[in-house]
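The primary structure of each chain is shown beneath.
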Amino acid sequence: MRPFTLLHAENPSDAVEIVAGFENARFIAGGTTLVDLMKLGVEKPEHIININGVQGLNRIHVEGDGTLRIGALARMSDVADNEKVQKGWPALSQSLWKGASAQLRNMASIGGNLLQRTRCPYFRDTAFQHCNKRVPGSGCDAMEGHNRETALLGVSQHCIALHPSDLCVSLAAFDARIETLSAAGSRVIDFADLHLLPCATPQWENCLHPGEMITAVVVPASSAARRSLYLKVRDRQSYQFAVTSVAAAVELLDDGRIRDVKLAIGGVATKPWRAKEAERYLIGLRIDESTALEAGRLAMSGAEPRRDNAFKITLMQRTIVDALLQLLRLEVA
Ligand SMILES: Cc1cc2nc3c(=O)[nH]c(=O)nc-3n(C[C@H](O)[C@H](O)[C@H](O)COP(=O)(O)OP(=O)(O)OC[C@H]3O[C@@H](n4cnc5c(N)ncnc54)[C@H](O)[C@@H]3O)c2cc1C
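Owing to the predicted nature of the structure, the values given are computational and were not obtained by experimental measurement.

Enquirer: Hey, could you go over the overall build of the protein chain for me, with residue numbers and the actual values?
Expert: In terms of regular secondary structure, the protein chain is built from 14 helices and 12 strands. By the compact-globule yardstick of 20 Å for 333 residues, the protein chain fits well, its C-alpha radius of gyration being 20 Å. Projected onto its principal axes, the C-alpha positions of the protein chain cover 60 × 50 × 35 Å. Long-range contacts, defined here as pairs at least 24 residues apart, represent 63% of the contacts in the protein chain between residues at least 6 apart. A total of about 15200 Å² of accessible surface is found on the protein chain, and carbon and sulfur atoms cover 50% of it.

Structural data, given as structure tokens:
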């Protein structure tokens, strides 16, 4: 690892003022992504601002209008365990529980989870020379290499790296918003706009400006969210990233037809992916094997498969079928 300076911030304005004074600086929360990547030589910050002492950023609460507000420093395990989250947004809690390991969930923060970086081996291993995300303009070894764990949706000719977060899939489904603070002031970003498609500049992964700190994640109340789940298919049952995953939520009319549906998918795209076309198709229909299958087909309709990941088209379709049929059987208080 290279030498770096470590500074400590005690309140949000401290944090953004300190970071604004440097060119190559990063915030650190749990460190479970950043320190890994520094050890690998992928991230090389000269200055690190520890935000763990910043007061008030670990709060999880539901406001008067039913909106859920999660501070950026809340730990994955605390949000997963929160009773209000479990009841009002079950998919959100499950997406956290099914991520990483107990030890990691105790360390890792919500803000850091949103900004975790791809697990693409060609990005993480500096022995590979061609990675447009790590070394812009160098090419992409994943295109013709081992590409089982790469994306099929949102890809470009410059990058097919997968977005790995489980939490982000459920936040995409629930129309979340992100609150940030920087030396220039505060702003609110729709979650759908936070992550960028790789296009010709895969090194730019999100729309945050240098030195902009995430302060909170805000999740609106929704009737559909109560009947929701996060289904994650992985190569082994725990401590594993998703091969495919679905965050699904439905609100049903008395006659069983769908009034509202939210569907987001993971393990297949370069950014958290909302399956809007599938949602539009499902509105007004009843969930059964055939409508669920068609929703799955629509969700993957723009897929650009490669040699080792083409199997995910069918697997994702089946994951969606399974998720929607399970939603029907859920008891909702
Ligand atoms: C072995 C292993 C297995 C894992 N498995 C899974 C999994 O199955 N599913 C899953 O979803 N995740 C998984 N993860 C990823 C894990 O969830 C993330 O590493 C973690 O959420 C990152 O949070 P952190 O607080 O440790 O972030 P850090 O490492 O502290 O920070 C990550 C990045 O975010 C920036 N950052 C942090 N907080 C802020 C903020 N408030 N504002 C602006 N920038 C900020 C940092 O500068 C850094 O660039 C796994 C990780 C490991 C190491």
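Enquirer: Tell me about the pairing of strand E7 (residues 185-190), residues and numbers included.
Expert: Bridge analysis of strand E6 (residues 177-182) against E7 gives 6 bridges, and the strand direction is antiparallel. Along E7, the bridge assignment pairs Glu179 with Val188. Here E6 folds back onto E7, and the loop between the two strands holds 2 residues.

Enquirer: An account of the sheet that holds strand E12 (residues 273-274) is needed here, citing residue identities and associated values.
Expert: Overall, antiparallel pairing links the 4 strands, which are arranged E9-E10-E11-E12 in an open sheet. The strands lining the two open edges of the sheet, one partner per strand, are strand E9 (228-233) and E12. As defined by bridge partners, E9 adjoins strand E10 (residues 244-252) across 6 bridges and the pair is classed as antiparallel. Its bridge partner being in E10, Leu229 is matched across the sheet by Ala248. Along the sheet, helix H14 (residues 311-329) makes contact with E9, E10 and strand E11 (258-266), crossing E10 at roughly 35 degrees.

Enquirer: Before we move on, can you summarise the site of the ligand with the specific residues and values?
Expert: Near the ligand there are 33 residues, and of these Phe27, Thr32, Thr33, Ser109 and Asp166 occur at the shortest range. The contact in question runs from an oxygen atom of the ligand to an N or O atom on the backbone of Phe27, over 2.5 Å. The separation between an oxygen atom of the ligand and a polar side-chain atom of Thr32 is 2.7 Å. A total of 970 Å² of accessible area belongs to the ligand in isolation, and the protein chains cover 93% of it. Of all the elements in the fold, those that place two or more residues in the shell around the ligand are strand E2 (25-28), helix H2 (34-39), helix H7 (110-114) and strand E8 (213-219). Split by residue class, the shell around the ligand holds 16 nonpolar, 12 polar and 5 charged. Looking at which domains feed residues into the shell around the ligand, each of domain 1 (5-53) and domain 2 (223-329) supplies at least three.

Enquirer: Now, about the pattern of salt bridges: what can you tell me, with residues and values included?
Expert: Side chains carrying opposite charge are able to pair once their charged atoms draw close together. Within the structure shown, the criterion is met by 20 salt bridges. The salt bridge involving Arg117 is made with Glu43; its shortest N-O contact spans 3.2 Å. Here Arg117 is found in the loop between H7 and helix H8 (121-124), whereas its partner Glu43 is found in the loop between H2 and strand E3 (47-50), with 74 residues between them in sequence. Glu43 shares its class with Arg117; the two are buried. For Arg257, the salt bridge goes to Asp255, with nearest N and O atoms at 2.8 Å. When salt bridges that share partners are traced, they join Arg26, Glu43, Arg117, Lys133 and Glu205 into one network.

Enquirer: Give me the lowdown on the sheet that holds E3, citing residues and values where you can.
Expert: Spatially, E1-E3-E2 is the arrangement adopted by the 3 strands of the open sheet, whose pairing is parallel. Bordering the open sheet on either side are strand E1 (5-8) and E2, each of which pairs with just one other strand. Taking the axes of each pair of neighbouring strands and ignoring which way they run, one obtains an average angle of 25 degrees across the sheet. Relative to E2, helix H1 (residues 12-20) is tilted by about 155 degrees, and along the sheet it contacts E1, E2 and E3.

Enquirer: So what's going on with the domain arrangement of the protein chain? Residues and values would help.
Expert: Under the domain assignment used here, the protein chain contains domain 1 (5-53) and domain 2 (223-329). Computed from C-alpha coordinates alone, the two centres of domain 1 and domain 2 are separated by 36 Å.

Definitions and limits used
- Residues numbered from 1 in each chain as written.
- Predicted model: local features only at pLDDT ≥ 70, side-chain atom pairs only at ≥ 80, totals over all residues.
- Heavy atoms only, no water.
- Helix = DSSP H or I, 4+ residues; strand = E, 2+ residues; numbered from the N terminus.
- Rg over C-alpha atoms; globule rule 2.2 N^0.38 Å.
- Contact = heavy atoms within 4.5 Å.
- Areas by Shrake-Rupley, 256 points an atom, 1.4 Å probe, with all protein chains shown as cover.
- Pairing = 2+ DSSP bridges.
- Axes fitted to C-alpha atoms, helices over the stretch in contact; angles between N-to-C directions.
- Near = heavy atom within 4 Å.
- Polar contact = N/O pair within 3.5 Å; in protein donor to acceptor, adjacent residues only side chain to side chain.
- Nonpolar A, V, L, I, M, F, W, Y, C, P; charged D, E, K, R; others polar.
- Domains from an automatic or database assignment.
- Salt bridge = Lys/Arg side-chain N within 4 Å of Asp/Glu carboxyl O.
- Buried < 20%, exposed > 50% of the residue type's maximum accessible area, 1.4 Å probe, protein only.

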